[in-house]
Amino acid sequence: MSLTVRSRAFTAGEAIPARYTCDDVEVSPPLEWSPGPHGTESYALIMDDPDAPGGTWVHWVVWNITDTKLPEDVTNLPPEDPEGHVRQGTNSWQRVGYGGPCPPSGTHRYLFKVYALDRQVDLDSETTKAALLAAMEGRTLDRGELMGTYSRR
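The present account deals with the structure reproduced in this document. The structure displayed is predicted, hence computed values, not measured ones.

How each quantity is defined
- Residues numbered from 1 in each chain as written.
- Predicted model: local features only at pLDDT ≥ 70, side-chain atom pairs only at ≥ 80, totals over all residues.
- Heavy atoms only, no water.
- Core = buried A, V, L, I, M, F, W, Y, C linked by side-chain atoms within 4.5 Å.
- Buried < 20%, exposed > 50% of the residue type's maximum accessible area, 1.4 Å probe, protein only.
- Helix = DSSP H or I, 4+ residues; strand = E, 2+ residues; numbered from the N terminus.
- Disulfide = S-S within 2.5 Å.
- Phe/Tyr/Trp six-rings, centres within 6.5 Å; stacked < 30°, edge-to-face > 60°.
- Pairing = 2+ DSSP bridges.

## Examining the nonpolar core
Right, on to step 1. Formed by 24 residues in total, the largest nonpolar core has its most connected members in Trp33, Leu45, Trp60, Ile65 and Phe112.
Right, on to step 2. Counting residues per element, the ones that place at least two in this core are strand E2 (31-33), strand E3 (42-49), strand E4 (57-65), strand E7 (107-117) and strand E8 (140-151).
Right, on to step 3. By residue number, the principal contributor to this core is E7, which donates four residues.
Right, on to step 4. Counting residues in hydrophobic clusters, the runner-up holds twelve residues, among them Ala44, Val61, Trp63 and Ala135.

Now the structure itself:
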């Protein structure tokens, strides 16, 4: 992993502000990352909670990102952005787009994993984390990760 992933909203390993969670307005946080290696044509992002009681809970599935950043509140973009690039898939709530941290108890870790890909992938909004990972098979040039935590109020 050599992509450096960061956010203006929180520092790696620290608490994610309530604004980005189910306890507040639940918008996606701003994210940015270092450029991928030569040959990178797009990026994908998967946000999940490995501490969920029933196993990993997927909060966000995004692909065909052509920039090295996502603004705050990507939630309000349609499943395909107006320029036809960024696509959002289905999370563990069976909703398209971002679902903020909402742990049932205790402090959970939230992983924002960014993948540099050698092409864009042709998938629809019903795409899950598993389907995106399968589509990225053999196409991933590099990856990076940002971890934040959250506890309910």
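## Observations regarding the state of the cysteines
Right, on to step 1. All chains considered together, the criterion is met by one disulfide.
Right, on to step 2. Put simply, Cys22 and Cys102 are joined by a disulfide, and their sulfur atoms are 2.1 Å apart. The disulfide joining Cys22 to Cys102 has a torsion of about 80 degrees about its S-S bond and is therefore right-handed. On the criterion of sequence distance, the pair formed by Cys22 in the loop between strand E1 (5-6) and E2 and Cys102 in the loop between strand E6 (87-88) and E7 is long-range, its members being 80 residues apart.
Right, on to step 3. On the basis of relative accessible area, Cys102 is assigned to the partly exposed category, the value being 29%.

## Looking at the packing of aromatic side chains
Right, on to step 1. All told, the structure shown has four aromatic pairs when counted by the stated rule.
Right, on to step 2. Arranged with centres 5.4 Å apart and planes meeting at 75 degrees, the rings of Trp57 and Trp93 form a pair that is edge-to-face. Of the two residues, Trp57 sits in strand E4 while Trp93 sits in the loop between E6 and E7, which places them 36 residues apart along the sequence.
Right, on to step 3. A centroid spacing of 5.1 Å and a plane angle of 80 degrees characterise the contact between Trp60 and Tyr98, whose relative ring orientation is edge-to-face. Of this pair, Trp60 sits in strand E4 while Tyr98 sits in the loop between E6 and E7, placing them 38 residues apart in sequence.
Right, on to step 4. The exposure class of Tyr98 is buried, given its relative accessible area of 5%.

## Quick notes on the sheet that holds strand E5 (residues 69-70)
Right, on to step 1. Read from one edge of the open sheet, three strands run E1-E2-E5, paired in antiparallel fashion. Strands at the two margins of the open sheet, each flanked by one partner only, are E1 and E5.
Right, on to step 2. Note that E1 and E2 share two bridges and pair antiparallel. Residue pairing in the sheet places Arg6 in a bridge with Glu32 of E2.

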